[in-house]
Amino acid sequence: MSLVDLAAVSFAYGRGRSVLDGVDLRIEAGRNLGIVGESGSGKTTILRLMLGLARPTAGRIAFRGEPLDPGNRPFMRGFRRAVQAVFQDPYSSLDPRQKVADIIAEPLRSLKVETDVDAAVAGALASVDLPPDTAGRYPHEFSGGQRQRIAIARAIVSRPDLVLADEVVSALDLTTRIRIVDLLKTLSEKTTLVLVSHDIGFVALLCHDLVILEKGRIVEQGPARDILSAPRHPYTRRLLASTPRLADFA
Amino acid sequence: MGDLLTIDDLSIRHAGRPLVSGVSLSVTAGERLGLIGESGSGKSLTALAAIGLLPEGMTASGSVRLAGREVIGAADRDVVGLRGTAVATIFQEPLTALDPLMRIGDQIAEVARRRARRDGRSLSRAGVAAEVTALMARVALPDPARLSRAYPHEMSGGQRQRAAIAMALACRPRLLIADEPTTALDVTTQAEVLKLLETLVREENMGLLFISHDLPVVGAAVDRVVVLRAGEMVEEGTVAEVFGRPRHPYTIGLVEAARAFDRAIGAAL
């Protein structure tokens with residue numbers, strides 16, 4: 001069974017223009033999905049809809065075959081445990097007043113997960129290659145890459161089936177990006193990833209399938225290898241042609 | 001022709017701590033130089049030192065000569081005169097470089113008028129309008145008559161950066177410093193802005209100092225690069241040399257990381 005299904009999903013703010021228009025996509029367990037698009041393509045809106053932070057104006061979203069209904073509290077409790085998110089800016093997504101241990105343990109507390117919290121936090125820190133003493137420190141003591149590791153530790157502490165990541169490496173340096181890619185690759189052995197990014201190179205490193213979005217519509221979707229080697233839609237071709245590569249200069 | 005910018009043994013310190021140490025580089029007319037480095041490498045500080053705009057509390061030593069005039073230790077009024085004539089700068093986020101309360105045409109016009117005053121020319125209202133239209137056309141901003149009446153928030157990111165470039169061009173600088181000018185832009189817009197910069201620098205025979213952490217972007221913009229790490233130069237050479245046969249372990253790491261992204265999207269496409 002698929003993890004998440006979007007069927008003919010549209011979204012608009014108020015009576016405004018559609019931000020998303022008739023989006024159909026399916027997330028299968030074990031197949032990482034990359035959603036690629038530029039500003040205004042609607043990629044972050046898809047993520048918000050998948051997290052239940054907004055409701056579609058039309059169409060249906062289902063998680064494990066059940067309708068995603070933010071009003072259904074018992075369902076949402078299980079959903080929140082199974083679906084976690086990591087956001088772009090590691091400087092604004094961590095509460096500066098809380099110690100790292102409390103930040104990482106927050107999903108366990110809010111979801112009332114019965115577990116040894118300290119052990120779970122230590123396990124999550126180890127998974128993202130941060131030393132145990134990280135737990136007692138504050139976010140401002142860490143670099144951007146380390147903060148993003150903390151955000152990832154928070155996302156995986158409840159052992160979710162699906163992690164949604166919105167431009168998680170955009171704010172990071174190139175060498176830090178590669179280390180986060182390696183980390184996400186290891187994590188994706190246990191959880192499915194949905195990566196939303198404007199950076200097709202980053203997404204291609206980690207995803208089995210791609211969805212290419214332009215102005216709220218899916219213009220192309222399928223296995224990453226097929227799309228990268230033989231893009232069919234003119235927009236996908238333009239996106240690939242515009243992406244600078246080192247090989248062009250060396 | 002002499003160097004537009006010559007930096008010789010530049011060091012920058014803050015509270016006794018070295019931030020940049022012993023950086024030397026030069027840019028001549030028509031030359032495009034890239035300054036590569038990650039966060040904290042000192043690339044933006046080097047650029048700020050070049051235009052005499054280091055933040056309060058930082059001290060620079062060594063020599064920075066802009067159009068043959070020493071910047072380090074110079075009185076502010078002397079350096080102000082160089083900004084806009086010898087050099088213009090564009091930054092990463094055009095929104096912070098533009099006045100949110102002023103129509104874009106008026107912002108470009110202000111620079112054009114100031115430049116004319118400095119040259120001892122008088123520009124009529126019609127002359128200013130014509131220059132604004134010409135500059136907007138030069139940076140390929142569509143429909144200048146309409147867009148010149150727009151406020152920055154009514155424009156796309158790419159249009160704002162083009163407007164910032166138009167303002168830089170209105171100064172008619174000999175040297176253009178571009179600090180991560182495409183980092184905030186979409187990839188298709190980035191490609192257009194890089195092409196625009198390349199054309200402008202070539203046609204106006206300006207010098208370009210292009211600062212970025214993104215190796216392929218730098219490769220698309222310049223001929224020669226200097227690699228900075230923790231405030232020190234670790235490598236320099238042509239783009240083909242440094243990206244093709246990097247020698248310093250730090251550069252090798254950067255090139256390998258960039259190649260991993262290349263491979264993922266299929267470098268042969």
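Residues numbered from 1 in each chain as written. Chains lettered and ligands numbered in written order. Predicted model: local features only at pLDDT ≥ 70, side-chain atom pairs only at ≥ 80, totals over all residues.

Right, let's talk about the overall build of chain A for a bit. Counting its secondary structure elements, chain A contains 9 helices and 10 strands. Compactness check: chain A gives a C-alpha radius of gyration of 18 Å against a globular reference of 18 Å for 250 residues, within 12% of the reference. Structurally, chain A occupies a C-alpha span of about 55 × 50 × 35 Å along its principal axes. At a minimum sequence separation of 6, the contacts of chain A that also span at least 24 residues come to 67%. (Helix = DSSP H or I, 4+ residues; strand = E, 2+ residues; numbered from the N terminus. Rg over C-alpha atoms; globule rule 2.2 N^0.38 Å. Contact = placed C-beta atoms within 7 Å.)

Helix and strand counts for chain B stand at 11 helices and 10 strands. A compact globule built from 269 residues would reach a C-alpha radius of gyration of about 18 Å, and chain B, at 19 Å, matches this within 12%. Each of the 269 residues in chain B was classed as buried or not, and the buried ones make up 48%. Pairs at least 24 residues apart make up 65% of the contacts formed inside chain B by residues separated by at least 6 positions. (Buried ≥ 20, exposed ≤ 12 C-beta atoms within 10 Å, placed from the backbone.)

Note on strand geometry: in a regular strand, side chains alternate between the two faces of the sheet. Residues and elements named next belong to chain A. Judged by how many residues are buried, strand β7 (residues 162-166) sits mostly within the fold: 5 of 5 residues are covered. Of the two faces of β7, the one lined by Leu162, Leu164 and Asp166 and the one lined by Val163 and Ala165 are each fully buried. Read from β7 through helix α6 (residues 174-187) to strand β8 (residues 192-197), the crossover connection turns out right-handed. (Right-handed = clockwise from strand over helix to strand, strands pointing away.)

Mapped onto the present numbering, the UniProt feature "domain: ABC transporter" (unreviewed entry) falls on residues 5-255 of chain B. Across residues 5-255 of chain B, the secondary structure splits into 41% helix and 26% strand, with the terminal C-alpha atoms separated by 27 Å. (UniProt positions renumbered as here; feature names shortened; annotations may be inferred.)

Residues and elements named next belong to chain B. In contact at an axis separation of 8 Å, helix α4 (residues 104-118) and helix α7 (residues 157-170) are set at 15 degrees when each is read in the N-to-C sense. Judged on the interaxial angle alone, α7 and α4 are roughly parallel. When you trace α4 past α7, the crossing you get is right-handed. Together, Ile104, Gln107, Ile108, Val111, Ala112 and Arg115 of α4 and Ala163, Ala166, Met167 and Ala170 of α7 make up the contact between the two elements. (Axes fitted to C-alpha atoms, helices over the stretch in contact; angles between N-to-C directions. Parallel < 35°, antiparallel > 145°, perpendicular 65-115°, else oblique. Left-handed = near helix turned anticlockwise from the far one by under 90°.)

Taken together, the contacts link 32 residues of chain B with 27 residues of chain A. Secondary-structure elements contributing two or more residues to the side of chain B that touches chain A are α8 (187-204), α9 (215-221), α10 (239-244) and α11 (249-265) of chain B. For the side of chain B that touches chain A, the leading source of residues is α11(B), giving 11 residues. Of the residues contributing to the side of chain B that touches chain A, the split by class is 19 nonpolar, 9 polar and 4 charged. (Nonpolar A, V, L, I, M, F, W, Y, C, P; charged D, E, K, R; others polar.)

This paragraph deals with the packing of helix α5 (residues 125-138) of chain B against α7(B). Residue and element names in this part refer to chain B. Where α5 meets α7, the closest approach of the two axes is 9 Å, and the angle between their N-to-C directions is 125 degrees. Taken together, α5 and α7 sit at an angle that is classed as oblique. When the axes of α5 and α7 are compared, the crossing they make is right-handed. Mapping the contact onto sequence places Leu135, Met136 and Arg138 in α5 and Ala166, Leu169 and Ala170 in α7.

All names here are of chain B. In terms of domain boundaries, chain B breaks down into domain 1 (1-86 + 174-269) and domain 2 (98-172). In this complex, domain 1 contributes 11 residues to the contact, which on the side of domain 2 involves 11 residues. Take the side of domain 1 that touches domain 2: its biggest share by element is 5 residues, from α8. Looking at the side of domain 1 that touches domain 2 residue by residue, the class counts come to 7 nonpolar, 3 polar and 1 charged. (Domains from an automatic or database assignment.)

Of all 8 residues that make up helix α1 (residues 43-50) of chain B, 6 are buried, and the element is covered over most of its length. B:Gly52, located one to two residues past α1(B), shows a positive phi value of around 65 degrees.

Before going further, it helps to examine the UniProt feature "domain: ABC transporter" (unreviewed entry) in chain A. Mapped onto the present numbering, the UniProt feature "domain: ABC transporter" (unreviewed entry) falls at residues 4-240 of chain A. Spanning residues 4-240 of chain A, this segment combines 37% helix with 25% strand, and its end C-alpha atoms are found 28 Å apart.

Reading across from one edge, β2-β1-β4-β5 (chain A) is the order of the 4 strands in this open sheet, with antiparallel pairing throughout. Two strands lie at the open edges of the sheet, namely β2 (18-28) and β5 (66-67) of chain A, each paired on one side alone. (Pairing = 2+ DSSP bridges.)

Let's shift gears to α8(B). With 18 residues, α8(B) should cover 26 Å at 1.5 Å per step; its first-to-last C-alpha distance of 26 Å lies within 8% of that length. Within α8(B), burial applies to B:Val187, B:Thr189, B:Gln190, B:Ala191, B:Val193, B:Leu194, B:Leu197 and B:Val201. Residues of α8(B) that are buried make contact with α9 (234-242) of chain A together with β3 (32-36), α7, β7 (175-179), β8 (207-212) and α9 of chain B. Looking one or two residues past α8(B), B:Asn205 carries a phi angle of roughly 55 degrees, positive in sign. (Expected span 1.5 Å × (residues − 1).)

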